[in-house]
Every structure is written in C-alpha cells, then in structure tokens.
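# Tertiary structure, described
Here are the chains, one letter per residue:
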Amino acid sequence: MSYVIVNKYYGVKLDKKGKPMSCKKGDAQIFEYSKAKNICDTLPKTMKNLRFHVEPVTDFQTSARETIAALKKTYKPEAKLDVPKNKKKLVSAEYEMPDSVQQWIEKIKTMNGLITEAQSRKDELLVALSNADKERTNIEHEIEIFSNLNASEGYKKYRELRKCLLRRRIVKDELKVVSLILDTNNQEKNVVNIDKFVNNLEHRSFTYREVVNE
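Residues numbered from 1 in each chain as written. Predicted model: local features only at pLDDT ≥ 70, side-chain atom pairs only at ≥ 80, totals over all residues. Heavy atoms only, no water.

## Quick notes on a nonpolar patch on the surface
The line we're drawing: A residue counts toward a patch only above 30% relative accessible area and without a salt bridge, and it is joined to like-charged neighbours within 9 Å or, for Val, Leu, Ile, Met, Phe, Trp and Tyr, to nonpolar neighbours within 5 Å. The Shrake-Rupley method, run with a 1.4 Å probe, gives the accessible areas here. Residue values count only the displayed protein chains as cover. Within this document, salt bridges are pairs made up of a side-chain nitrogen of Lys or Arg and a carboxyl oxygen of Asp or Glu, the two lying within 4 Å of each other. Numbering of helices and strands runs from the N terminus; a helix is a DSSP stretch of H or I covering at least four residues, while a strand is a stretch of E covering at least two. A simple rule labels every residue: compare its accessible area, found with a 1.4 Å probe on the protein chains alone, to the largest value its type can have, and call it buried under 20%, exposed over 50%, or partly exposed in between.
On the surface, Ile145, Phe146 and Leu149 cluster together into a nonpolar patch covering about 290 Å² of accessible area. With respect to the helices and strands, Ile145 occurs in helix 4 (residues 99–145). A residue is classified by how much of its surface remains accessible, and Ile145, at 59% relative accessible area, is exposed.

Following this line, the structure appears as structure tokens:
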C-alpha cells in the first residue's frame with residue numbers, strides 16, 4: 001500500500017533537492033510506508049507544528065491521481081462545434097456521482113470552511129490588536145503624566161507595559177498567518193510564506209532605530 005504525509009489542509013512533497021516542503025493536500029507525494037514515516041519523523045520544526053502524519057492511500061486514490069496526471073499531459077482542447085439553436089436535448093434522469101468527483105467536492109468544502117474560519121478569526125484579532133494599542137497608549141500616558149512614581153510603582157508600570165506588548169505581539173503574529181491564508185491569489189506560494197514566517201519567529205531580532213540628534 002502507498003502512503004502520503006498530510007494534515008487537515010495540506011500535504012508534503014519533496015523538492016528538487018529532496019527536502020520536504022508543504023503543498024496542496026491533493027498534490028502530496030506518494031511514498032512507501034517506511035520512507036513516509038522517516039520523512040514525517042524528521043520534518044523541520046516549523047512543519048512539525050502543523051501536525052503532519054502518515055496516512056494510507058487507497059488503490060482507487062492512487063489510480064485517480066495517476067489518471068489525472070496523465071490527462072493533464074495529453075489533454076488538448078477540442079475545436080468548438082457550431083450547435084444549431086432550438087435543438088432537442090437529452091437529459092439523464094438518474095446520475096450517480098463518482099467517488100473521484102465527491103472527493104473533490106469534500107476538499108472544496110474543507111477549504112471553504114478554512115477561509116470562513118480564518119476571516120472570522122481575523123475580525124477578532126483586529127479588535128484584540130486595537131484593544132492592545134489602546135492599553136499601551138494608556139500605560140505610556142500614565143508614565144508620562146505621573147512624574148513622582150517610586151521604584152516599586154515604576155517597576156509595576158514596566159511589568160504592565162511589557163505584558164501588554166507581549167500580548168500585542170502574539171496577536172500580530174497570528175494576524176499575519178491568517179492574512180496569508182486569506183490571500184487567495186497564490187495559495188501554494190502562501191503555504192511556503194507561512195513556513196518561512198513561522199521559522200523566522202524562532203530567530204526574531206530587532207534593529208535599533210537611528211536617532212538623529214536635534
């Protein structure tokens with residue numbers, strides 16, 4: 001039996017250098033079990049966080065993949081035929097949807113659910129970011145106006161401000177990922193961008209802004 005490495009929405013395939021990369025779930029590369037398990041167990045840390053697992057592929061699914069790939073290579077559009085108007089039509093009274101078509105319908109439903117969930121979450125995150133900005137402004141003005149804070153009170157304001165900034169950063173990080181998901185112009189490219197963004201979070205740095213002397 002053949003196997004693929006997938007999560008709820010995406011799959012894994014090897015690039016030209018043999019390194020694993022995220023892809024559309026329907027494009028997940030097929031492996032033997034031992035190789036699939038080895039790749040899954042040694043995925044980069046950023047991909048492990050996406051909860052990929054090894055999943056068997058039925059003979060039918062394998063055949064359908066091979067058929068689709070072959071059709072893509074050999075398909076040539078047929079010339080359009082002039083169909084006379086007002087011709088009689090034959091309409092099938094019964095239609096049983098093939099399993100291959102049903103599988104694509106389910107994938108579309110899953111993707112639509114992801115987009116709806118991401119849009120709802122983005123709205124929530126924008127409110128949370130606005131609240132964090134307001135809270136930060138309040139604390140900064142308290143520090144500016146209350147000039148007689150002692151060491152204990154000053155440290156308390158520092159803790160309040162740092163807690164607010166950390167919460168704000170978490171909101172901004174999630175908002176970035178959700179926004180990439182909602183950018184439907186290039187979904188496959190965005191999967192790679194999300195991987196890069198998450199990987200950069202582990203090595204975040206800040207370059208001090210240059211202050212010009214007045």
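Still to come is the rest of the account.
## Focus: the pattern of salt bridges
Inspection of every chain in the model, using the stated rule, returns nine salt bridges. Residues Asp133 and Arg168 are paired through a salt bridge, measuring 2.5 Å at the closest nitrogen-oxygen approach. Here Asp133, found in helix 4, pairs with Arg168, found in helix 5 (residues 151–182); they are 35 residues apart in sequence, far enough to count as distant. With its nearest N and O atoms 3.7 Å apart, the salt bridge here joins Arg169 to Asp173. You can see Arg169 and its partner Asp173 sitting in helix 5, four residues apart, about one turn around the helix. Exposure remark for Arg169: the relative accessible area of 33% places this residue in the partly exposed category. Judged by its relative accessible area of 14%, Asp173 falls in the buried class. Taken together, the salt bridges that share partners define one network made up of Arg121, Glu124 and Glu174.

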